[in-house]
Amino acid sequence: MAYALSHELRFLTLLPQCLAFGFMEKLIQPCAMTYLGLWFPIQKINDRRSKVYFANGQFILMERSLYESIGGHKAVRAAFLEDFAMMEKAKKMGAPICCALGVNVYGTRMYDSFQSIWRGWRRIFLHAFCEQPWELCRKMLSVLFFSVLPFALLLPLTVEMWQRHNGFTLMWGITT
């Protein structure tokens, strides 16, 4: 509250520390949260000129007069992600908004099984891109290309270097 008041914010949303306990949670949750951070960068969310918006429904602090001028929850009841919809409305109105890291304030455990992880993130990701599956596919392919592919290529190169160093036959039939 003190932060919002001192920065004259009318809408503040905080991103939590990721609490994960099971194997699947520890494997998937941090990645999914990180992808949201890549696709919805805080600096763009907080830039009034940017059209990027994002809010985390687990922590929203909104000035009552802004909430009422937006139309409250009634105005976003048709939205699947009402937190996103409220932030979008506040940002379009020119209200001082802020999305910030709240990892020192709170943590959250979002899902506790693979099924709930799948349902939850599928819902969030699909609706975060306004139900445009091709946009979501483009984003997922960029993740694959820039985060998975380099490591997939690194393994054969490492094996090749090890083989060269030890005088073994290389993968492509060239001998040293």
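An account of the accompanying structure is given in this report. (Residues numbered from 1 in each chain as written. Predicted model: local features only at pLDDT ≥ 70, side-chain atom pairs only at ≥ 80, totals over all residues. Heavy atoms only, no water.)

## Some points on the overall build of the protein chain
Summing up its helical and strand segments, the protein chain has seven helices and five strands in all. Counted from the first residue to the last, the protein chain has its helices and strands arranged as α-β-β-α-α-β-α-α-β-β-α-α. For the protein chain, the C-alpha radius of gyration of 22 Å lies well beyond 16 Å, the compact-globule estimate for 176 residues. Seen through its principal axes, the protein chain has C-alpha atoms that stretch 75 × 35 × 35 Å. Burial analysis of the protein chain (176 residues in total) assigns 35% to the buried set. (Helix = DSSP H or I, 4+ residues; strand = E, 2+ residues; numbered from the N terminus. Rg over C-alpha atoms; globule rule 2.2 N^0.38 Å. Buried < 20%, exposed > 50% of the residue type's maximum accessible area, 1.4 Å probe, protein only.)

## A short note on the nonpolar core
One finds F11, W39, F40, F54, W121 and F125 to be the most contacted residues of the largest nonpolar core, which totals 34 residues. Those elements that place two or more of their residues in this core are β1 (11-15), α2 (23-39), α4 (64-70), α5 (82-92), β4 (97-101), α6 (114-128) and α7 (133-166). Sequence-distant contacts of F54, that is, excluding residues within four places in its chain, are made with T13, L15, L36, F40, I45, F84, M87 and C99. Counting residues in each nonpolar core, the second largest holds seven residues, with L12, L14, C98 and Y106 among its members. (Core = buried A, V, L, I, M, F, W, Y, C linked by side-chain atoms within 4.5 Å. Contact = heavy atoms within 4.5 Å.)

## Things to note about the sheet that holds β4
Read across the sheet, three strands follow the order β3-β1-β4 without closing on themselves; strand pairing throughout is mixed. Of all strands in the sheet, those bounded by a partner on one side alone are β3 (60-62) and β4. Direction aside, the axes of adjacent strands within the sheet are offset by 15 degrees on average. Pairing of β1 with β4 involves five bridges; the strand directions are parallel. (Pairing = 2+ DSSP bridges. Axes fitted to C-alpha atoms, helices over the stretch in contact; angles between N-to-C directions.)

## Focus: the packing of α2 against α6
Viewed as axis vectors pointing N to C, α2 and α6 meet at an angle of 5 degrees, and their least axial separation amounts to 11 Å. Accordingly, the angle class assigned to the pair α2 and α6 is roughly parallel. Here M24, E25, I28, Q29, A32, M33, Y35, L36 and W39 of α2 come into contact with α6, specifically with F114, I117, W121, I124 and F125. A class-by-class count of the residues in the contact of α2 with α6 yields twelve nonpolar, one polar and one charged. (Parallel < 35°, antiparallel > 145°, perpendicular 65-115°, else oblique. Nonpolar A, V, L, I, M, F, W, Y, C, P; charged D, E, K, R; others polar.)

## Points about the packing of aromatic side chains
Here the structure, examined in full by the defined rule, presents nine aromatic pairs. Their ring planes at 25 degrees and their centres at 5.6 Å tell us that Y35 and W39 sit as a pair that is stacked. In this pair, Y35 and W39 are both assigned in helix α2, four residues apart and thus about one turn of the helix distant. The same class applies to Y35 as to W39, namely buried. A centroid spacing of 4.9 Å and a plane angle of 70 degrees characterise the contact between F54 and F84, whose relative ring orientation is edge-to-face. Of this pair, F54 sits in the loop between α3 (42-45) and β3 while F84 sits in helix α5, and the two are 30 residues apart along the sequence. (Phe/Tyr/Trp six-rings, centres within 6.5 Å; stacked < 30°, edge-to-face > 60°.)

## Some words on a nonpolar patch on the surface
On the surface, F145, F146, L149 and L153 cluster together into a nonpolar patch covering about 430 Å² of accessible area. Relative to the elements of secondary structure, L149 occurs in helix α7. Classification of L149 by relative accessible area gives partly exposed; the value is 34%. (Patch = residues over 30% accessible without salt bridge, like charges linked within 9 Å, V, L, I, M, F, W, Y side chains within 5 Å. Areas by Shrake-Rupley, 256 points an atom, 1.4 Å probe, with all protein chains shown as cover. Salt bridge = Lys/Arg side-chain N within 4 Å of Asp/Glu carboxyl O.)

## What to know about the side chain of T13
Tracing the sequence through the fold places T13 in strand β1. Of note is the side chain of T13, whose polar atom sits 2.9 Å from the backbone oxygen of F59. When residues no more than four places from it in sequence are discounted, the contact partners of T13 are F54, A55, N56, F59, I60, M87, C98, C99 and A100. (Polar contact = N/O pair within 3.5 Å; in protein donor to acceptor, adjacent residues only side chain to side chain.)

## Here's the deal with the pattern of salt bridges
One pass over the structure, following the stated rule, counts five salt bridges. Across the pair R10 and E63 runs a salt bridge whose closest N-O atoms are separated by 2.6 Å. With R10 in the loop between α1 (2-6) and β1 and E63 in the loop between β3 and α4, this residue pair connects regions lying 53 residues apart in the sequence. The shortest N-O distance in the salt bridge between R109 and E25 comes to 2.7 Å. Taken together, the residues span a long stretch of sequence, with R109 in the loop between β5 (107-108) and α6 and E25 in helix α2 at a distance of 84 residues. Among the residues examined, R109 registers a relative accessible area of 39% and is labelled partly exposed. By relative accessible area, which is 3% here, E25 ends up buried.

Read these as spatial facts, not as claims about activity.
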